Amino acid sequence: DDLESLADEIRSAATVVAFTGAGISAPSGVPTFRGDDGVWEQFDEGQFTYGRFRSDPEGFWADRVELQRVMFDEDYQPNAAHEALAAMGRDGHLEAILTQNTDGLHGKAAETVAKSDGSTHEGNDTTILELHGNSQRVRCTDCGKRKEGGPVFERAADGEIPPTCDCGGVFKPDVVLFGEQLPGAVIQRAQSLARESDVFLAIGSSLVVEPAASLPRRAASAGATLGIVNLESTPVDDVADAIYREDVTEVLPRLRELVESR
Ligand code: OAD
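Residues numbered from 1 in each chain as written. Predicted model: local features only at pLDDT ≥ 70, side-chain atom pairs only at ≥ 80, totals over all residues. Heavy atoms only, no water.

Draft legend 1. Broad picture of the layout of surface pockets. Reported here for the largest pocket is a volume of approximately 990 Å³. As for the largest pocket, its lining consists of 45 residues, of which Ala22, Thr32, Phe33, Arg34 and Ser206 are closest to the centre. Of all the secondary-structure elements, those providing two or more residues to the lining of the largest pocket are helix H2 (22-25) and helix H5 (57-72). Element by element, the count of residues in the lining of the largest pocket is highest for H5, at four residues. Here the residues of the lining of the largest pocket are counted per class, giving 21 nonpolar, 15 polar and nine charged. (1 Å grid on protein atoms, 1.4 Å probe; cavity = no way out; pocket = protein on both sides within 12 Å on 5 of 7 lines; lining within 4 Å. Points joined across faces, edges and corners; volume = space filled by probe spheres on them. Helix = DSSP H or I, 4+ residues; strand = E, 2+ residues; numbered from the N terminus. Nonpolar A, V, L, I, M, F, W, Y, C, P; charged D, E, K, R; others polar.)

Draft legend 2. Focus on the sheet that holds strand E7 (residues 199-203). Taking strand neighbours across the sheet as the criterion, the six strands line up as E3-E2-E1-E7-E8-E9 in an open arrangement whose pairing is parallel. Whereas interior strands pair on both sides, the edge strands pair on one side only; in this sheet they are strand E3 (127-130) and strand E9 (242-244). On average, each strand axis in the sheet is tilted by 15° relative to the strand beside it, whichever way the strands run. As defined by bridge partners, strand E1 (residues 16-20) adjoins E7 across five bridges and the pair is classed as parallel. Among the inter-strand pairings, Thr20 is bridged to a residue of E7, identified as Ile203. Docked against the sheet, helix H1 (residues 2-12) engages E1, E7, strand E8 (225-229) and E9, running at close to 130° with respect to E7. Contacts from helix H10 (residues 214-221) reach E1, strand E2 (96-99), E7 and E8, with the element oriented near 160° to E7. (Pairing = 2+ DSSP bridges. Axes fitted to C-alpha atoms, helices over the stretch in contact; angles between N-to-C directions. Contact = heavy atoms within 4.5 Å.)

Draft legend 3. Representation of the sheet that holds strand E5 (residues 146-148). One open sheet holds the three strands; their spatial order is E5-E4-E6, and the pairing between them is antiparallel. Whereas interior strands pair on both sides, the edge strands pair on one side only; in this sheet they are E5 and strand E6 (171-175). Ignoring which end each strand starts from, the neighbouring axes of this sheet average 45° apart. Docked against the sheet, H5 engages strand E4 (133-140) and E6, running at close to 40° with respect to E6. Along the sheet face, helix H8 (residues 149-157) touches E4, E5 and E6 and points at about 70° away from the line of E4.

Draft legend 4. Quick peek at the packing of helix H9 (residues 184-196) against H10. Put simply, H9 and H10 touch, their axes get as near as 7 Å, and they point 35° apart. H10 is crossed by H9, and the crossing has right-handed handedness. Contacts between H9 and H10 involve Ala190, Gln191, Ala194 and Arg195 from the former and Leu215, Arg218 and Ala219 from the latter. A breakdown of the residues in the contact of H9 with H10 according to their chemical character gives four nonpolar, one polar and two charged. (Left-handed = near helix turned anticlockwise from the far one by under 90°.)

Draft legend 5. Structural detail: the packing of aromatic side chains. Counting across every chain of the model gives nine aromatic pairs. Note on Phe48 and Phe60: the rings are 6.3 Å apart at their centroids and 75° apart in plane angle, and the pair reads as edge-to-face. With Phe48 in the loop between helix H3 (39-42) and helix H4 (50-55) and Phe60 in helix H5, this residue pair connects regions lying twelve residues apart in the sequence. Each member of the pair, Phe48 together with Phe60, is buried. Ring centres of Tyr50 and Phe53 lie 6.5 Å apart, and the angle between their planes is 20°; on these two criteria the pair is classed as stacked. Here Tyr50 pairs with Phe53, and both are found in helix H4, just three residues apart, close to one helical turn. Assessed through its relative accessible area of 25%, Tyr50 is described here as partly exposed. (Phe/Tyr/Trp six-rings, centres within 6.5 Å; stacked < 30°, edge-to-face > 60°. Buried < 20%, exposed > 50% of the residue type's maximum accessible area, 1.4 Å probe, protein only.)

Draft legend 6. Inspection of H5 at higher detail. Within H5 the residues assigned to the buried category are Pro57, Gly59, Phe60, Trp61, Arg64, Val65, Leu67, Gln68, Met71 and Phe72. Turning to H5, the residues buried within the fold contact H3, H4, E4, H8 and E6.

Draft legend 7. Spotlight on the environment of Cys167. The residue Cys167 is located in the loop between H8 and E6 in this model. Through-space distance from the C-alpha of Cys167 to that of Glu154 is 19 Å; in sequence the pair is 13 residues apart. Setting aside anything within four residues of it in sequence, one finds Cys167 in contact with Cys140, Asp142 and Cys143.

Draft legend 8. How the structure looks around the packing of H5 against H8. Remark: H5 packs on H8, axes separated minimally by 10 Å, with the N-to-C direction vectors making an angle of 120°. As judged from the angle between their axes, H5 and H8 are oblique. Along this stretch, H5 crosses H8, giving a crossing that reads as left-handed. Two secondary-structure elements touch here, H5 through Trp61, Arg64, Val65 and Gln68 and H8 through Phe153, Ala156 and Ala157. Of the residues that constitute the contact of H5 with H8, the class distribution is five nonpolar, one polar and one charged. (Parallel < 35°, antiparallel > 145°, perpendicular 65-115°, else oblique.)

Function cannot be read off these values alone, since they describe shape.
Shown next as structure tokens:
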């Protein structure tokens, strides 16, 4: 079938890049943003803008504590799709994972996959670029220091709003908010990986939030084979070479097996 031909292309490609969104973490229990069960049905995304963080840090943090509770209260674990990508990376078939997710699960999967065969995390040299940051961390808006988020979110939940750093600066979740620019170096790196890729896999993303959503189109126009794995149609489907409208935990382990076995 055409998953086999995609596997063949991956085997012969010099550069394979995966681009992921909330759909890859949905089977781990992390809520997605859009769709009926999406968090933007429950919360107003307009309350989580960079503009609001700057003008009303108290209000922003009060709402963020609630969002954090809904999205990240559980200790989520990587699923078979994260693990399949991590294994492909370990085996030299995946140059980079560009993710819009802030849940840190690609990094966790790289660790577990490496451990299960006795090698180390360093043995997996797949680049993981967290385009929208990491929800498990906070960053001081004054001194720039990054800290583990858990204890700071707890302080905020206990009423320290907004939570502040030792230096007196206000902490911000270490994520890219609506209306905030992605760090220039990060987006440039992602764009050049997209351009260089021979195979580009867009996985579990509605592909509507810019600038990240342009990456698949950019890859395709630079000549990459574009594969899309997503339950719903996307605005980039028109330029895709192969579309799998199936669960990520079905497609990716199968793809990985085909890459290994052929
Ligand atoms: P979305 O919630 O917009 O899209 C998730 C996609 O995953 C949907 O199209 C679903 O059909 C699909 N999906 C869900 N479960 C799946 C499964 N098991 N297998 C395959 N597909 C599945 O999430 P993103 O595209 O990641 O930005 O959203 C992009 C950005 O919008 C996020 O990073 C966040 C958000 O607002 C910021 O916070 C800046």
